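# Architecture at a glance
So you can see what is in the structure, the chains are spelled out below.
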Amino acid sequence: MENGIVLPEEWPPRYEESLRGMEVPYLCQKPEVIPINCGRQLFVDDFLIAETDLKRTCHKPDYYEGNPVLKVDEQWEYTVEGYPYAAPFSDGVWYDDLDGKFKMWYLAGAGKINQEKHSLCTCYAESEDGIHWIKPKLDVVPGTNIVEVTNRDSSTVWIDREEKDPAKRYKLFNVEYKNDYIQWQYVLKYSADGIHWSEGVAQSGAVSDRSTAFYNPFLKKWVLSMRHHNSVSWRSRTYLEHEDPEEAVSLAHRMREGVRDKHIHFWFNPDEKEKRHADYPETDPGIYSFDAVAYESLMLGIYSQWQGPENDICRPLMMPKRNEIQLGYSRDGFHFFRPTYESFMEVDTSRYENWNYGNMQAVGGMPLVVKDKLYFYSSGRQRNGIWWDSGTSCGLAILRRDGFVSMDAENSGTLLTELLTFDGKYFFVNARVFGKLEAEILDEKGNVISGYERENCIPLTGDHICGRIAWKQREHVEELQGRNVRIKLYLEKGELYAFWISPWMTGESRGYLTGGGPRLSGTGRDIPE
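What comes next concerns the included structure. Sequence order sets the numbering: in each chain, residues are counted from 1 along the sequence as written. In keeping with the model being predicted, local features are shown solely for residues with a pLDDT of at least 70 and side-chain atom pairs are shown and tallied solely at 80 or more, while totals for entire chains, interfaces and linings include all residues. Here the side-chain values reflect all heavy atoms present in the structure, with hydrogen atoms and water set aside.

In terms of regular secondary structure, the protein chain is built from 3 helices and 31 strands. Along the first, second and third principal axes, the C-alpha atoms of the protein chain reach 75 × 50 × 50 Å. Burial status follows relative accessibility: with a 1.4 Å probe on protein chains alone, a residue under 20% of its type maximum counts as buried, one over 50% as exposed, and anything between as partly exposed. Residue burial in the protein chain is summarised as follows: out of 529 residues, 62% are buried. Excluding contacts between residues fewer than 6 apart, the proportion of contacts in the protein chain whose partners are at least 24 apart in sequence is 67%. Every accessible area reported is derived by Shrake-Rupley at a probe size of 1.4 Å, with residue values counting cover from the shown protein chains alone. Working note: accessible area of the protein chain is about 20400 Å², and carbon and sulfur atoms make up 47% of it. As used throughout, the charge tally considers Lys and Arg to be positive and Asp and Glu to be negative, leaving His and the chain termini uncounted. A charged residue contributes its charge at one atom only: NZ of Lys, CZ of Arg, CG of Asp or CD of Glu. Taking the 62 positively charged and 82 negatively charged side chains of the protein chain as two groups, their mean positions are separated by 1 Å. Counting from the N terminus, the helices are the DSSP runs of H or I reaching at least four residues and the strands are the DSSP runs of E reaching at least two. In this description, contact between two residues means that some pair of their heavy atoms is separated by no more than 4.5 Å.

Put into structure tokens, the structure is as follows:
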């Protein structure tokens, strides 16, 4: 892999279905030398760190004060019973460079369109800024913004920026309801514009609801994240990967507990550290869904973490069950490390009418990069008195770019990296520095390389999303390309979020920015336009 990790001979690996935290082998057996040519290098785990006395802090985004940014305001967004539904259920929020628009696909009621009981459909909205959304009147169901009328559960829309065939640029992994023994199944569809979708080009066997899909560009594989039931948990996950999305869907089915399947692997259960519902502490938590996306140099895992209570308790109380959004991070796409089990995006039960009173669900594609910020979206449900599981809308939360985790110094401290190698030229950091930040570069034996001493480093101070580090006689680090080196950072009163070596003075990292954003290259990578 690009980060020097060597995958085991048996890949994907196989694990027993137990209740324990996911082991992360590359944190126990690190590569001898770590290449850092792809993306900003984040401190979400200890992979890059040999020694430090800095303190790791996990950060949460700020909710946009005008939430929800999308809600029910059209008559077709109600179910046949009259329950309001309008928010992504994974689905996707993306920035599309082809026409410079933010685009959202979302779950909505279809009671006025399809008279099947509990029928739900897929709608489309767009925005100029990712905050103010419009629902254009389209021609799929004339006069509405409906783009797919199939009765569905979760769905994943993926803008495939690597796809060579324009007719397949937009991919829809729909989990559709079938009125037979299968019940739920994946159906894969393609589109040239994200609005007019093909008939199904591949379909799975029977799967469970809330199954989703994502693309791992580090492995060049499509991954199906499938809900799994076993004796440990009713809400866990299985994993299937394939380079061809049609083959992946065709191979998918519900895996029986304890049965070895050639293509499908048990992935993970909720573990003993999961957050519990304060009012229902006896309820064992679960993982309601799991999405993932490439961000910079790693895979960002997005959990809809279920805390209960069960539906038969929620229903008579007219109360939505509690799911909150949590994060994990992976450098091989399978093993995800969670530096905290606190929620990244939390419910707010202070008022029944709050958009995120309960049942927050993850959204595919995010985060989007908007200037120096990351945009995260989530669905949420009110306690609206109409029905226990309705009142759905979509909210926005905003985080500093790379702002998931920082390494902090209240006074002063240092961080020494593992042995690294790079082919870039300019040294950058993302840091908020109230005192100063200095760096030196050491050789394999731990000796400071001439010209890159701390005392020759030009101190960095202030708040920098893309701050360049230089030395008095060394504007860049080009002469160190291909050498095995360590970087030692000296931080006084500040927060360090990331570092990277860029080929360009403008600081593009070559990392993955899958969801896109204004003024990015349109390739899904951070490279010059």
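Attention shifts here to the packing of aromatic side chains. Two rings from Phe, Tyr or Trp (for Trp, the six-membered ring) form a pair when their centres are within 6.5 Å of each other. A pair whose planes differ by under 30 degrees is stacked, one over 60 is edge-to-face, and the rest are tilted. Taken as a whole and judged by the stated rule, the model has 38 aromatic pairs. For the ring pair Tyr26 and Phe47, a centre distance of 5.8 Å and an interplane angle of 90 degrees mean the geometry is edge-to-face. With Tyr26 in helix 1 (residues 25-28) and Phe47 in the loop between strand 2 (41-42) and strand 3 (49-52), this residue pair connects regions lying 21 residues apart in the sequence. When its relative accessible area of 1% is taken as the criterion, Phe47 is described as buried.

This part takes up empty space enclosed by the protein. Only protein atoms enter the 1 Å grid used here, on which a cavity is any set of points holding a 1.4 Å probe that cannot leave and a pocket is any open set flanked by protein within 12 Å on both sides along at least five of seven lines; residues with an atom within 4 Å of a point are listed as lining. Grid points are joined across faces, edges and corners, and a volume is the space filled by probe spheres set on the points. Applying the stated criterion across every chain yields a total of 5 cavities of 30 Å³ or more. As a volume, the largest cavity reaches approximately 140 Å³. If you trace the largest cavity, you find 13 residues lining it, with Tyr15, Arg20, Gly21, Met22 and Trp267 closest to the centre. Across the lining of the largest cavity, the residue classes break down as 6 nonpolar, 4 polar and 3 charged. For the second largest cavity, the calculated volume is near 80 Å³. Forming the walls of the second largest cavity are Glu2, Asn3, Ile34, Pro35, Ile36, Asn37, Cys38, Gln41, Phe47, Phe218, Ser297 and Arg331. Among the residues making up the lining of the second largest cavity, the classes are represented as 6 nonpolar, 4 polar and 2 charged. Ten residues, namely Ala, Val, Leu, Ile, Met, Phe, Trp, Tyr, Cys and Pro, are considered nonpolar, four, namely Asp, Glu, Lys and Arg, are considered charged, and the remaining ones, Gly among them, are considered polar.

Take the layout of surface pockets next. Space inside the largest pocket adds up to approximately 690 Å³. Taken together, 26 residues form the lining of the largest pocket, with Tyr85, Leu120, Asp153, Trp184 and Asp389 sitting closest to its centre. Listing elements by their share of the lining of the largest pocket, those giving two or more residues are strand 11 (152-159) and helix 3 (311-317). Partitioned by chemical class, the residues of the lining of the largest pocket number 10 nonpolar, 5 polar and 11 charged. Volume-wise, the second largest pocket comes out at about 300 Å³. Along the lines of polarity and charge, the residues of the lining of the second largest pocket split into 7 nonpolar, 3 polar and 8 charged.

A few words on the nonpolar core. For this analysis, a nonpolar core means a set of buried residues of the types Ala, Val, Leu, Ile, Met, Phe, Trp, Tyr and Cys, connected via side-chain atoms within 4.5 Å. Membership of the largest hydrophobic core comes to 107 residues, with the highest contact counts inside it found for Tyr377 and Phe404. Per-element accounting of this core gives the leading share, 6 residues, to strand 19 (residues 286-296). Beyond its immediate stretch of four places on either side in the chain, Phe404 contacts Leu42, Thr57, Cys58, His59, Tyr295, Leu300, Leu327, Tyr329, Phe344, Leu374, Phe376 and Leu399. Counting 37 residues, the second largest nonpolar core, distinct from the first, contains Phe47, Ala409, Leu415 and Ile469.

Our focus in this paragraph is the sheet that holds strand 31 (residues 512-513). Either a parallel or an antiparallel arrangement is found when strands of a sheet pair, and the pairing is made through backbone hydrogen bonds. A pair of strands is considered paired only if DSSP assigns at least 2 bridges between the two. What the 4 strands build is an open sheet, ordered 21-20-19-31; its pairing is antiparallel. The sheet is open, and its two borders are formed by strand 21 (322-330) and strand 31, each paired with just one other strand. The pairing of strand 19 with strand 31 spans 2 bridges and is classified as antiparallel. If you follow Glu296 over to strand 31, its bridge partner there is Tyr512.

Attention now goes to unusual backbone geometry. Residues other than glycine predominantly adopt negative phi, and peptide bonds predominantly adopt the trans conformation. Between Trp11 and Pro12 the backbone carries a cis peptide bond, its omega angle lying at -5 degrees. Structurally, Pro12 is set in the segment before helix 1. Of note, the bond from Gly308 into Pro309 is cis; its omega dihedral lies within 30 degrees of zero at -5 degrees. Mapped onto the elements, Pro309 comes out in the loop between strand 20 (298-308) and helix 3. Here the phi dihedral of Arg519 falls at roughly 65 degrees; this positive angle occurs in a residue that is not glycine. By secondary structure assignment, the location of Arg519 is in the segment after strand 31. Of the residues examined, Arg519 reaches a relative accessible area of 56% and is grouped as exposed.

This paragraph deals with the state of the cysteines. Disulfide assignment relies on a single distance test, namely cysteine sulfur atoms paired within 2.5 Å. Inspection of the entire model under this criterion finds 0 disulfides. Left without a disulfide partner, Cys38 is nearest to the cysteine sulfur of Cys466, which lies 16 Å away. With no disulfide of its own, Cys121 has Cys123 as its nearest cysteine by sulfur position, at a separation of 4.2 Å. Classification of Cys121 by relative accessible area gives buried; the value is 1%.

Considering the arrangement of structural elements, one finds Ala252 in the loop between helix 2 (245-251) and strand 18 (265-268). For Ala252 and Tyr186, which are 66 residues apart along the polypeptide, the C-alpha to C-alpha distance reads 7.9 Å. The contact partners of Ala252, leaving out residues within four places of it in the chain, are Tyr186, Ser204, Gly205, Val207, Leu224, Met226, Leu240 and Ile264.

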